[in-house]
Amino acid sequence: MPITTQQLIQWKQQGRTIVALTAWDYITGRLLDATGVDLILVGDSLAGMLGYETTIPLTLEEMLHHAKAVRRGVKNALVVFDLPFLTYQESFQQAMHSAGRALKEAGAQAVKIEGGYPAIVETVAQLVQAGVPVMGHIGLTPQSVHQLGLRQQGKTPTDGERLISEAIALEAAGAFSIVLEHIPSELAIEITQKLTIPTIGIGAGSGCDGQVLVTSDLLGLSERQPPFAKMYVNLSDAIAQAVQEFAREVRDRKFPEE
Ligand SMILES: Nc1nc(=O)c2c([nH]1)NC[C@@H]1CN(c3ccc(C(=O)N[C@@H](CCC(=O)O)C(=O)O)cc3)CN21
Ligand SMILES: CC(C)C(=O)C(=O)O
Ligand SMILES: [Mg+2]
């Protein structure tokens, strides 16, 4: 049985930690799902894999193309679709239209949207009432890179208090979970304790109810990666070695063998 948003909320109560990773293609979706990852995010960090400098230029069509591929590889994990920049901020109708495409065309089970200001909270409430599960995302919100940069957020008491209020408002609006990105770990713990829904941290310390990383960062395949991402294996080096070996064997006429 596929994992549901309700199950993730129960896991928080039971103290079971949620394991989340990103996927942008069928092969990765299939591998992560078969390994038992709980939540697979089709992240708009896809932008980096397509050679964009930020997540800003990524379109809904590009996300749909990749999310459909991921969906075909996933049987058990909850698939969350990261709505790209300006595909939900313009109006509630725009958010509903974009979320509808994510669920109906790509087969995602939920959408994620960035921000916790009043208009976003209202959008979350409307989406949830219409039957669309929504994951929040506060702290460093990379779609606001031209306002915030990529620095840690919530460092001053005022900013910390604002993030706590935003998290509470998103939960009240019906979000099933919230990503906390690049904030101090004490603040993430405080938010986590104040909420009934699970927090999923990235660069937010070990006190969250779950953790997410961009899979290409974990695998050492990203061109650049944030200071908080841990590289578990360096596949860039492994690929370079394999390709060099192939090139050598071709040039020496050792591959293919007789
Ligand atoms: N591959 C990948 N991994 C990610 O985690 C990720 C993406 N892409 N794309 C979207 C955003 C961008 N993210 C980032 C990227 C860089 C920093 C970073 O280098 N932060 C520095 C400061 C950089 C600056 O001020 O310009 C830091 O020390 O916090 C943080 C988050 C997180 N997200
Ligand atoms: C890093 C995660 C939370 C994300 O939003 C993405 O991959 O786009
Ligand atoms: Mg994202």
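Note that the structure is predicted; figures quoted are calculated from it, not measured.

Conventions and cut-offs
- Residues numbered from 1 in each chain as written.
- Chains lettered and ligands numbered in written order.
- Predicted model: local features only at pLDDT ≥ 70, side-chain atom pairs only at ≥ 80, totals over all residues.
- Near = placed C-beta within 6 Å.
- Nonpolar A, V, L, I, M, F, W, Y, C, P; charged D, E, K, R; others polar.
- Axes fitted to C-alpha atoms, helices over the stretch in contact; angles between N-to-C directions.
- Helix = DSSP H or I, 4+ residues; strand = E, 2+ residues; numbered from the N terminus.
- Parallel < 35°, antiparallel > 145°, perpendicular 65-115°, else oblique.
- Left-handed = near helix turned anticlockwise from the far one by under 90°.
- Contact = placed C-beta atoms within 7 Å.
- UniProt positions renumbered as here; feature names shortened; annotations may be inferred.
- Buried ≥ 20, exposed ≤ 12 C-beta atoms within 10 Å, placed from the backbone.

What about the site of ligand 1?
Step number 1: Lining the immediate environment of ligand 1, one finds 18 residues, of which Ser45, Pro142, Leu150, Val214 and Pro226 sit closest.
Step number 2: Its residues assigned to classes, the shell around ligand 1 shows seven nonpolar, nine polar and two charged.

Concerning the site of ligand 2
Step number 1: Every residue near ligand 2 is listed here: Thr22, Leu41, Gly43, Asp44, Ser45, Asp82, Val179, Ile202, Val212 and Val214.
Step number 2: When the residues that make up the shell around ligand 2 are grouped by side-chain class, the tally is five nonpolar, three polar and two charged.

A few points about the packing of helix H5 (residues 92–104) against helix H6 (residues 118–129)
Step number 1: At a minimum axis separation of 10 Å, H5 and H6 run at an interaxial angle of 50°. It follows that H5 is oblique to H6 by the angle criterion. By crossing handedness, the relation of H5 to H6 is classed as right-handed. Judged by residue contacts, Phe92, Ala95, Met96 and Ala99 of H5 engage Thr123, Gln126 and Leu127 from H6.
Step number 2: Per-class residue counts for the contact of H5 with H6 are five nonpolar, two polar and no charged.

As for the UniProt feature "binding site: Mg(2+)" (unreviewed entry) in the protein
Step number 1: Per the UniProt entry, the sites bearing "binding site: Mg(2+)" (unreviewed entry) are Asp44, Asp82 and Glu114 in this numbering. Sequence-wise these annotated residues cover 71 residues; spatially they are packed, their C-alpha atoms never more than 11.0 Å apart.
Step number 2: Assignment of secondary structure puts aspartate 82 in strand E3 (residues 78–82).
Step number 3: When the 25 C-beta atoms within 10 Å are taken as the criterion, aspartate 82 is described as buried.

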